[in-house]
Amino acid sequence: MKFSNLKLTTPYLCHDSLFYDRVEPTPLENPFLIAYSQSAAELLGVDEDIGMDSALVSILNGEEKLEGSESFAMCYAGHQFGHYVPRLGDGRAINLGKVNGQNLQLKGSGVTLYSRLGDGRAVLRSSIREFLMSEAMHGLGIETSRALALIGSKTDVKRERMEKGAILLRLSPTWVRFGTFEYFYYANEHEKLKELADYVIAESFSQLQGSEDMYAKMYEQIVKNTATTIAKWQSVGFNHGVMNTDNMSIDGRTIDYGPFAFLDDYQKYYVCNHTDREGRYSFSSQPGIGHWNLKALAVALSPILEYERAEDILDELYGSTYESVFSEIMYAKMGLELEDEDDRGLYHWMLRAMENASIDYSMFFRELSSFNGDKSAILDRAVNREPLSAWLDAYAKRLEIESTSQQERHQKMLQINPKYVLKNFLLQEAIEKAQQDDFSMIKELLVVALSPFEEHPKLQHLYRSAPLQEKNKKLSCSS
Ligand code: AMP
Ligand code: MG
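Quick summary incoming for the structure in this document. (Residues numbered from 1 in each chain as written. Chains lettered and ligands numbered in written order. Predicted model: local features only at pLDDT ≥ 70, side-chain atom pairs only at ≥ 80, totals over all residues. Heavy atoms only, no water.)

## Quick notes on the coordination of the magnesium ion (ligand 2)
Taken together, the protein donors to the magnesium ion (ligand 2) comprise Asn247 (OD1) and Asp256 (OD), at separations of 2.0 to 2.1 Å. Overall, Asn247 belongs to the buried group, its relative accessible area being 12%. (Donors = N, O, S within 2.8 Å, 3.2 Å for Na, K, Ca; no water. Buried < 20%, exposed > 50% of the residue type's maximum accessible area, 1.4 Å probe, protein only.)

Here it is as structure tokens:
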């Protein structure tokens, strides 16, 4: 199947115009293909090389349409940094329709009814970041929207300085957000709220259709999915940066990549988003914010699911799901299979030691995955050796009670501790090259993004820690 031969449907348009704005994309000037993910294309049932599809660029640029495609922007609201904003919506995203369970959406394709004062555009810099990070998140085994392809252009877009506009075609099984429910709740459109819930159940939780207590079960699933995704973020050291309720997917997957970052050196209170002055969305706040956002969703669902009931579900399922997913991953990252009463202490000591040693978070675990008693490979990567040295002694002792062989342990650890992580300094290098029309590093990063646990001998240069001045920097929200 060829990409340009896909036939789309538009189930979301079964709703009335409160749900969306019918709008056409505004093309960019002189569009050209920058990158694409064949792996994402496979989700659509496309098996022909999309890079060879002559219509790909014009479809991304809104100049050609896939059969059945009818474009629209979705309306939603949301709590931004804790404050309710009654109407947000796709201000620069335009949906094209659905195929094979994936909703196709352009990002950066011009103004919509929901653009407010914005220009509806996305700059090349942030589009490269979202393209690569979507695919990397998938490569890490974390639920996420995907990125099919990215085009650049000669269209000027004004941010802090003039930049060039780009359009990303992204895919998700749903683009409904917590904030979509909040929109109908606060607008007092409770019939529409129920209509939306029924739609979400059909689209994302079809196993619940027709069951008793359907809305409670839907909320349970949303709670579990959200807790699971956030536990996985914490395990890989991912800081999302803008966990507003409009950026929370209703099925719990990661969406809306803005000023995100992977931790460079382990820093519990790291804040990647420059505008987040109070650290609301700091790395260590993410699990708590997930809970806050689910509570906001419980309020929005209250016309169809009694609030106290939702609160009980949240209390019962959120913390327990988070803890079980997170601790299972973290002990696996440490290579500990048996349970020992001192393991919790060893784990907390490890985090403190990492923080005091100033060591790259993901490299620490990757190096730990081939630890054979010789501490130097790990200690050589730390600024301060002492705190980690003592911990490694205790760790080596703890490994003695494990029953699996060292070889087997290493093999398993290498499958859970990624070698290649798209740290911001690497993305920045790729962006600077792209701004000089050299897209080669984007292609390299895509390869490691999609298989981060494998060795890529030719791409070994992508396994490094950030230069000192680049470590744990903050990023601007402008995109
Ligand atoms: P974000 O936090 O980046 O997901 O965006 C928050 C809201 O602002 C969403 O409703 C976006 O659609 C909207 N938005 C962000 N950037 C622009 C832009 N350049 N033009 C129009 N709307 C935008
Ligand atoms: Mg958003």
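So much for the structure itself; the text now carries on.
## Regarding the site of ligand 1
Around ligand 1, 17 residues are found, and the nearest of them are Gly89, Gly91, Arg116, Asp119 and Gly120. Backbone polar atom of Gly120 to a nitrogen atom of ligand 1: 2.8 Å apart, as the coordinates give it. Separating a nitrogen atom of ligand 1 from a side-chain N or O atom of Arg159 is a distance of 3.4 Å. About the coverage of ligand 1: the protein hides 79% of its 480 Å² of free accessible area. A breakdown of the residues in the shell around ligand 1 according to their chemical character gives two nonpolar, seven polar and eight charged. Two domains each provide a minimum of three residues to the shell around ligand 1, namely domain 1 (3–172) and domain 2 (178–332). (Near = heavy atom within 4 Å. Polar contact = N/O pair within 3.5 Å; in protein donor to acceptor, adjacent residues only side chain to side chain. Areas by Shrake-Rupley, 256 points an atom, 1.4 Å probe, with all protein chains shown as cover. Nonpolar A, V, L, I, M, F, W, Y, C, P; charged D, E, K, R; others polar. Domains from an automatic or database assignment.)

## Structural notes on the pattern of salt bridges
Counted by the stated rule, this structure contains 31 salt bridges. Between Lys192 and Asp16 there is a salt bridge, and its shortest N-O distance comes to 2.7 Å. Separated by 176 residues along the polypeptide, Lys192 in helix H5 (residues 190–204) and Asp16 in the segment before strand S1 (20–22) bring together distant segments of the chain. By relative accessible area, which is 32% here, Asp16 ends up partly exposed. (Salt bridge = Lys/Arg side-chain N within 4 Å of Asp/Glu carboxyl O. Helix = DSSP H or I, 4+ residues; strand = E, 2+ residues; numbered from the N terminus.)

## Details of the pairing of strand S9 (residues 146–152)
With seven of seven residues buried, S9 lies mostly within the body of the structure. Both strand S2 (residues 32–36) and S9 contribute to a ladder of four bridges, which runs antiparallel. Within S9, the residue paired with Ala35 across the bridge is Leu150. (Pairing = 2+ DSSP bridges.)

## Regarding the nonpolar core
The biggest cluster of nonpolar side chains holds 132 residues, and the ones touching the most others in it are Phe181 and Tyr219. Setting aside residues no more than four positions away along its own chain, Phe181 makes contact with Val176, Leu193, Leu196, Ala197, Val200, Met218, Ile250, Leu297, Ala300 and Leu301. Counting residues in each nonpolar core, the second largest holds 25 residues, with Ala41, Ile50, Leu60 and Ile151 among its members. (Core = buried A, V, L, I, M, F, W, Y, C linked by side-chain atoms within 4.5 Å. Contact = heavy atoms within 4.5 Å.)

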